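# Chains, contacts and geometry: an overview
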Amino acid sequence: MPISAQAHREDAPSRVRPGPLVPLLGLPALLFALITWQVVADGPLLRLDERFSRVLLVPDRFSELLSDLGDVAVAVPVLAVALGYVAVRGRRDGTGRWWLPVAAAALLMALVPALVVPLKELTDRPGPPVVPPGTGYYPSGHTATAAVAYGGATLLLLPWLRTALARRVLIAVCAALVLGASYGLVRRGYHWPLDVAGSWCLCAVLLSSLRLFLRRRAPSEQPRGADTA
């Protein structure tokens, strides 16, 4: 191989392979479209949804506390702390464009109401029997807030953790918070199960997009010790 051609290949930026993240965009998007169609068309899936809700419904204090994990006043400050930590660490360590992941995660959080509110208006779904009469319960805004806030914080913090154990613990805590909020919303009767499932699918697309964006950063822009593969 000519030396000039070899040098050109070595200087070219490496491309990040999408890997298994691509299905995490397509499959949840398809499921979200299916669930939304069933909600709008009052399809047979809603009958199963209502029966499942009656099985899970126990409006106690514990379920209400769990549902609060998806409140803006609880979830967004957690993300804000992660944003601040990553910004300080990135700037202090001289990470290239340290502000970019922080801005991307903050923008993703801002997209949640911009996406969820019009969808609530479009679907116009009534709530479970224990809530006051009204519509606009699909998809669950509290579930989306929890998933994007805790999930976004996790994606930002993972590259800064040195050990695999610490990364696993962080992912487990994130999953517990999101699942806890989701379970509390259904058990308390604030949402139907499909409201929560629809938000999971929507947020899976959003968080997978954020993960793909973070992985496409150049090696010089990665935190020291981060896995760029």
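All of the points below concern the structure found in this document. (Residues numbered from 1 in each chain as written. Predicted model: local features only at pLDDT ≥ 70, side-chain atom pairs only at ≥ 80, totals over all residues. Heavy atoms only, no water.)

## Things to note about the overall build of the protein
In terms of regular secondary structure, the protein is built from 9 helices and 0 strands. Of the regular secondary structure in the protein, the N- to C-terminal order runs α-α-α-α-α-α-α-α-α. Counting every position in the protein, which comprises 229 residues, the buried fraction comes to 43%. Relative to all contacts within the protein whose residues are 6 or more apart in sequence, the contacts with residues 24 or more apart total 77%. Accessible area of the protein: about 12600 Å², with a carbon and sulfur share of 68%. (Helix = DSSP H or I, 4+ residues; strand = E, 2+ residues; numbered from the N terminus. Buried < 20%, exposed > 50% of the residue type's maximum accessible area, 1.4 Å probe, protein only. Contact = heavy atoms within 4.5 Å. Areas by Shrake-Rupley, 256 points an atom, 1.4 Å probe, with all protein chains shown as cover.)

## Looking at the pattern of salt bridges
Here the structure, examined in full by the defined rule, presents 8 salt bridges. A salt bridge links arginine 125 to aspartate 49; the nearest nitrogen and oxygen atoms lie 2.7 Å apart. Here aspartate 49 lies in helix H3 (residues 45–56) and arginine 125 lies in the loop between helix H6 (99–123) and helix H7 (141–157), a separation of 76 residues in the sequence. Taking the relative accessible area as the measure of exposure, arginine 125 reaches 4% and is therefore buried. For aspartate 195, the salt bridge identified is with arginine 125, shortest N-O distance 2.9 Å. Of the two residues, aspartate 195 sits in helix H9 (residues 193–215) while arginine 125 sits in the loop between H6 and H7, which places them 70 residues apart along the sequence. (Salt bridge = Lys/Arg side-chain N within 4 Å of Asp/Glu carboxyl O.)

## Quick notes on the environment of leucine 207
Positionally, leucine 207 belongs in helix H9. Spatially, the C-alpha atoms of leucine 207 and valine 148 are 6.8 Å apart, while their sequence positions differ by 59 residues. Apart from residues lying up to four places away in sequence, leucine 207 is in contact with Leu108, Ala147, Val148, Gly151, Gly152 and Leu155.

## Structural notes on the side chain of threonine 145
Mapped onto the elements, threonine 145 comes out in helix H7. Judged by relative accessible area, which is 7%, threonine 145 ranks as buried. Among all residues touching threonine 145, those that are not within four sequence positions of it are Gly70, Asp71, Val72, Ala75, Val76, Met109 and Val112.

## Side note on the packing of aromatic side chains
Taken as a whole, this structure holds 1 aromatic pair when the rule is applied. For the pair phenylalanine 32 and tyrosine 138, a centre-to-centre distance of 6.2 Å together with 15° between the ring planes defines the contact as stacked. With phenylalanine 32 in helix H2 (residues 23–41) and tyrosine 138 in the loop between H6 and H7, this pair connects stretches of sequence that are 106 residues apart. (Phe/Tyr/Trp six-rings, centres within 6.5 Å; stacked < 30°, edge-to-face > 60°.)

## Some words on the packing of H7 against helix H8 (residues 164–188)
Relative orientation of the contacting elements H7 and H8 amounts to 175°, with a least axis distance of 9 Å. Comparing their axes, H8 and H7 come out roughly antiparallel. For the pair H7 and H8, the contacting residues are His142, Thr143, Ala146, Ala147, Tyr150, Gly151, Thr154 and Leu157 in the first and Leu170, Ile171, Cys174, Leu177, Val178, Ala181, Ser182 and Leu185 in the second. Taken together, the residues of the contact of H7 with H8 break down into 11 nonpolar, 5 polar and no charged. (Axes fitted to C-alpha atoms, helices over the stretch in contact; angles between N-to-C directions. Parallel < 35°, antiparallel > 145°, perpendicular 65-115°, else oblique. Nonpolar A, V, L, I, M, F, W, Y, C, P; charged D, E, K, R; others polar.)

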